[in-house]
Number of protein chains: 2
Amino acid sequence: MTRKIAILGATGSIGKSTLDLVERNRDRFAVTSVTAATNVEALADIVRRTGARLAVVADESRYTDLAELLVGTNCRAAAGEGALVEASVGEAELVIAAIVGCAGLRPVMAAVDAGRTVALANKEALVTAGALMTDAARASGATLLPVDSEHNAIFQCLAGSRVKDVSRLVLTASGGPFRSASADAIGAATPAQAVAHPNWSMGAKISVDSATMMNKGLELIEAHYLFGLPSDRIDILVHPQSVVHSMVEFVDGSVLAQLGSADMRIPIAYALAWPERMATPARRLDLAAIARLDFEAPDLDRFPALRLAREALEAGGAAPIVLNAANEVAVASFLAARISFLEIARVVHEALISADYDAPRSISDVLEIDRVTRKRAEAMMKASCP
Amino acid sequence: MTRKIAILGATGSIGKSTLDLVERNRDRFAVTSVTAATNVEALADIVRRTGARLAVVADESRYTDLAELLVGTNCRAAAGEGALVEASVGEAELVIAAIVGCAGLRPVMAAVDAGRTVALANKEALVTAGALMTDAARASGATLLPVDSEHNAIFQCLAGSRVKDVSRLVLTASGGPFRSASADAIGAATPAQAVAHPNWSMGAKISVDSATMMNKGLELIEAHYLFGLPSDRIDILVHPQSVVHSMVEFVDGSVLAQLGSADMRIPIAYALAWPERMATPARRLDLAAIARLDFEAPDLDRFPALRLAREALEAGGAAPIVLNAANEVAVASFLAARISFLEIARVVHEALISADYDAPRSISDVLEIDRVTRKRAEAMMKASCP
């Protein structure tokens, strides 16, 4: 039976891996709609390869270009946020939510409200709107399938388990490029050093998040909302080889772990085929060749972002939105060499302690808190580094 | 709801751990029958603690002693193989099959034929009668729950999966005390060196099996019958810390692993509570404290028992019975300092190539092949070491 899927963010890294798997399994999937932020050329190419019937570019100024590129296809062009939502709640049963950033929030929420199965690769959905998303999923009967390798690992380990049988989740973290660096060396870190991630090839922003370990802090928040466990039952464990993608400890003392090579097609395939599995061309794990796996407790002194994220999670309400927005602005400033590496956490900390927002009751509230926090964080940085 | 359980082999190590868990969860379990090989004093004590209504000693010469010890209780005493079968197919829904050796075969088969849920801690059941047991379970609807830590790990990793989604099972092996010993050192190994197992405290026979790695060969055979995968899709991986108890690789490249501290109460609790889980006092796994896990391919030259076991599995029919029986006799001779360490594998090899039995069609056939093989292996050793 063919499964109809929508790919939101089809031209990005997750989108490309999804298309790779879909093209290897043409009998199993039919792509109904695809979206991109701005890259209409790549989007039109995807339309030709998949036969999608709706293609949406978020940037409305690219609408005419997209429409022209789609002449001669059976695919309708559309643009803007409303069209992203339309692509999300169309005929697809499974929505791959891989739009980067807060631009993904409304389309994801629309798919959740419509009761779809949503393969979540948009981190902001759970970090900034975790309670809204999971409440909406409960109300509509939507299923959230995490695509992030850590949360996908936990989802796999939980398969068929009762929540009451789970005692603890363990998110593994590579520790990033500064895992064994001294506090002084971390203080002097340059953007070039920070973006050199040891195990995964990633964009600059997420590489810096890996260097500060804020990525793991954000994942902690996501894990809380996805799996419903409180902060004190979600641990972070540094594991430099990134072979164990995360773990679940049960009440009997058993620990289940998911392992694999660093290939996002594995968790994406799990989401595509769930509750079954499908073959992927991902390299098989060869533990005898890897030979050794290391584990260590994270150092909250050298990596204060972890502590900030946990505090934001425990504060709840708008705090995770503030954490995420201030971090994004601070990382951009660091990459532009406007602030030092250690100031990233300082900006986030100041944003958190100076914030005083009610808990968001809608995606509009989330977007507004996000917008105001970014503005305030920018102002803060200007004030301290004139 | 109280679950009625029978404990076959109540006075041994698995029996004791089971009783520990049952006594911590008196509201969940009622022990209906208990058995022991010879130790009537310990058995009578267990009757007093559990309120079991039937106690069976395998050794018929101990019947009178048992009956006297049970005066004043509500428990009936019985003895011999027929009574073991009676204890197995009584009112218990769950049978803990922890009788050591071929003495366990008839009682286990009786429970399987009766469609019970059988927690299998008797290795011989699957090694020597794997096809008979699993065919019988299919016919009667019995469920086999493996208690052995490796197979229990695989069972946990498979939870809810379809067989067609599994690509490979990976049995982990500590590698035993001679993992990094030279071939010469292994050749000169004494019984004292062979029984010094690095991770688990075990009896002498099974410790020698760990030193030759025959234990892993036997587990390979068990895994084949339990999980239905052919020999070439069951790998053995040396992992000296014994923290990862075994793994399953799926078609998408995902690997699920079960980890835990070296405490048999974890897999026993899994079998007792299945398909749910129950709390145990087992020490929680602390990977940050363990710090490091190592993996390496097994060396079939230094550990020929692994190769012999795989050959016996692939030959099928009576070969695994011959492997097991010849190994037991050879290990006993080694422990009695009658043959050298390397001769254990040589005896097994000779027994395998000289054996010519039809595949067993009943437990009686299994027991007969076992008996004849032991006799022949003894004769072989006498002939070569007069």
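What you see is a predicted model; the values in this text were computed from it and never measured. (Residues numbered from 1 in each chain as written. Chains lettered and ligands numbered in written order. Predicted model: local features only at pLDDT ≥ 70, side-chain atom pairs only at ≥ 80, totals over all residues. Heavy atoms only, no water.)

**Details of the sheet that holds strand β6 (residues 117-120) of chain B**
Residues and elements named next belong to chain B.
Phase 1 of the analysis: Across the sheet, which stays open at both edges, the seven strands sit in the order β4-β3-β2-β1-β5-β6-β7 with parallel pairing between neighbours. Of all the strands in the sheet, the pair left with one neighbour each is β4 (76-79) and β7 (143-146). Ignoring strand direction, the axes of neighbouring strands in this sheet form an average angle of 20°.
Phase 2 of the analysis: As judged from the six bridges shared by strand β1 (residues 3-8) and strand β2 (residues 29-36), these two strands associate in the parallel manner. By the bridge assignment, Arg 3 is partnered in β2 with Phe 29.
Phase 3 of the analysis: Together, β2 and β3 (54-57) form the strand contacts of helix α2 (residues 40-50), whose direction differs from that of β2 by roughly 170°.
Phase 4 of the analysis: The strands touched by helix α5 (residues 105-113) within the sheet are β1, β5 (94-97), β6 and β7, with β6 carrying the most contacts at an inclination of about 150°. (Pairing = 2+ DSSP bridges. Helix = DSSP H or I, 4+ residues; strand = E, 2+ residues; numbered from the N terminus. Axes fitted to C-alpha atoms, helices over the stretch in contact; angles between N-to-C directions. Contact = heavy atoms within 4.5 Å.)

**Examining the relation of the copies chain A and chain B**
Phase 1 of the analysis: Under the fitted operation, chain A is carried onto chain B by 0.0 Å of movement along the axis and a turn of 180°, and the coordinates agree to an RMSD of 0.0 Å. Taken together, the rotation angle and the small translation identify this as a two-fold axis.
Phase 2 of the analysis: The share of interface residues of chain A whose copies in chain B are also at the interface is 100%, consistent with both copies meeting through the same surface. (Least-squares fit on C-alpha atoms with pLDDT ≥ 70 in both.)

**Considerations on the environment of Lys123(A)**
Residues and elements named next belong to chain A.
Phase 1 of the analysis: Topologically, Lys 123 is positioned in helix α6 (residues 123-140).
Phase 2 of the analysis: Between the C-alpha atom of Lys 123 and that of Val 147, which follows or precedes it by 24 residues, the distance is 9.6 Å.
Phase 3 of the analysis: Discounting chain neighbours no more than four positions away, the residues touching Lys 123 are Asp 148, Ile 206, Glu 219 and Glu 222.
Phase 4 of the analysis: Looking at Lys 123, its side chain comes within polar contact range of the side chain of Glu 219, at 3.2 Å. (Polar contact = N/O pair within 3.5 Å; in protein donor to acceptor, adjacent residues only side chain to side chain.)

**Description of the packing of aromatic side chains**
All names here are of chain A.
Phase 1 of the analysis: Summed over all chains, the structure comprises eight aromatic pairs over all chains.
Phase 2 of the analysis: Between the aromatic rings of Phe 155 and Tyr 270, the centroid separation amounts to 6.2 Å while the plane-to-plane angle is 80°, which identifies the pairing as edge-to-face. With a gap of 115 residues between them, Phe 155 in helix α7 (residues 149-158) and Tyr 270 in helix α12 (residues 265-273) connect regions that are remote in the sequence.
Phase 3 of the analysis: By relative accessible area, which is 19% here, Phe 155 ends up buried. (Phe/Tyr/Trp six-rings, centres within 6.5 Å; stacked < 30°, edge-to-face > 60°. Buried < 20%, exposed > 50% of the residue type's maximum accessible area, 1.4 Å probe, protein only.)

**Looking at the packing of helix α10 (residues 204-212) of chain A against helix α15 (residues 319-335) of chain A**
All names here are of chain A.
Phase 1 of the analysis: At a minimum axis distance of 10 Å, the contact between α10 and α15 shows a crossing angle of 100°. Judged by the angle between their axes, α10 and α15 are roughly perpendicular. In contact with Ala 204, Lys 205, Val 208 and Asp 209 of α10, α15 contributes Asn 327, Glu 328, Val 331, Phe 334 and Leu 335.
Phase 2 of the analysis: Here the contact of α10 with α15 is built from residues that sort into five nonpolar, one polar and three charged. (Parallel < 35°, antiparallel > 145°, perpendicular 65-115°, else oblique. Nonpolar A, V, L, I, M, F, W, Y, C, P; charged D, E, K, R; others polar.)

**Quick look at the pattern of salt bridges**
Phase 1 of the analysis: Enumeration according to the criterion identifies 62 salt bridges over all chains in this entry.
Phase 2 of the analysis: Of the charged contacts, one joins Glu378(A) and Arg338(A) as a salt bridge, the two residues approaching to 3.6 Å between their closest N and O atoms. With Glu378(A) in helix α17 (residues 363-384) and Arg338(A) in the loop between α15 and α16 (341-354), this pair connects stretches of sequence that are 40 residues apart.
Phase 3 of the analysis: Classification of Glu378(A) as partly exposed rests on a relative accessible area of 28%.
Phase 4 of the analysis: Between Glu86(B) and Arg76(B) there is a salt bridge, with the nearest N and O atoms lying 2.4 Å from each other. A residue pair is termed long-range when its members are at least 10 positions apart, and Glu86(B) in helix α4 (residues 81-88) and Arg76(B) in strand β4 qualify at ten residues. (Salt bridge = Lys/Arg side-chain N within 4 Å of Asp/Glu carboxyl O.)

**Details of the pairing of β4(B)**
Residue and element names in this part refer to chain B.
Phase 1 of the analysis: Of the pairings in the sheet, the one linking β3 to β4 comprises four bridges and is parallel in character. Looking across to β4, one finds that Ala 55 is bridged to Ala 77.
Phase 2 of the analysis: Between the parallel pair β3 and β4, the chain is carried across by helix α3 (residues 63-69), and the sense of this crossover is right-handed. (Right-handed = clockwise from strand over helix to strand, strands pointing away.)

**Re helix α11 (residues 214-227) of chain A**
Residue and element names in this part refer to chain A.
Phase 1 of the analysis: For α11, with 14 residues, the first-to-last C-alpha span of 20 Å sits near the 20 Å given by 1.5 Å per residue.
Phase 2 of the analysis: Burial of α11 is extensive: 13 of the 14 residues sit out of reach of the surface.
Phase 3 of the analysis: Looking one or two residues past α11, Gly 228 carries a phi angle of roughly 75°, positive in sign. (Expected span 1.5 Å × (residues − 1).)

**Details of unusual backbone geometry**
Phase 1 of the analysis: Backbone torsion omega between Trp274(A) and Pro275(A) reads 5°, so that peptide bond is classified as cis.
Phase 2 of the analysis: The topology assignment puts Pro275(A) in the loop between α12 and α13 (287-290).
Phase 3 of the analysis: Positive phi outside glycine occurs at Ser242(A), with the angle close to 50°.
Phase 4 of the analysis: Within the fold, Ser242(A) resides in the loop between β9 (234-238) and β10 (244-250).
Phase 5 of the analysis: The backbone of Met213(B) sits at a positive phi, close to 70°, despite the residue not being glycine.
Phase 6 of the analysis: Summarising the element assignment, Met213(B) is placed in the loop between α10 (204-212) and α11 (214-227).
Phase 7 of the analysis: Judged by its relative accessible area of 2%, Met213(B) is buried.

**A few points about the domain arrangement of chain A**
Residues and elements named next belong to chain A.
Phase 1 of the analysis: Segmentation of chain A into domains returns domain 1 (3-146) and domain 2 (162-263 + 293-384).
Phase 2 of the analysis: Each of domain 1 and domain 2 has a C-alpha centre, and the two are 26 Å apart.
Phase 3 of the analysis: Applying the counting criterion to the domain 1 and domain 2 interface returns two salt bridges.
Phase 4 of the analysis: Here Lys 123 makes a salt bridge to Glu 219, at a shortest N to O gap of 3.2 Å.
Phase 5 of the analysis: Of all elements in the fold, only α5 (105-113), α6 and β7 (143-146) reach the threshold of two or more residues within the side of domain 1 that touches domain 2.
Phase 6 of the analysis: With eleven residues, the top contributor of residues to the side of domain 1 that touches domain 2 is α6. (Domains from an automatic or database assignment.)

**What about the environment of Ser33(A)?**
All names here are of chain A.
Phase 1 of the analysis: Assignment of secondary structure puts Ser 33 in strand β2 (residues 29-36).
Phase 2 of the analysis: Sequence-wise, Ser 33 and Ala 52 are 19 residues apart; in three dimensions their C-alpha atoms are separated by 5.2 Å.
Phase 3 of the analysis: The contact partners of Ser 33, leaving out residues within four places of it in the chain, are Ile 5, Ala 6, Ile 7, Ala 52, Leu 54 and Ala 87.

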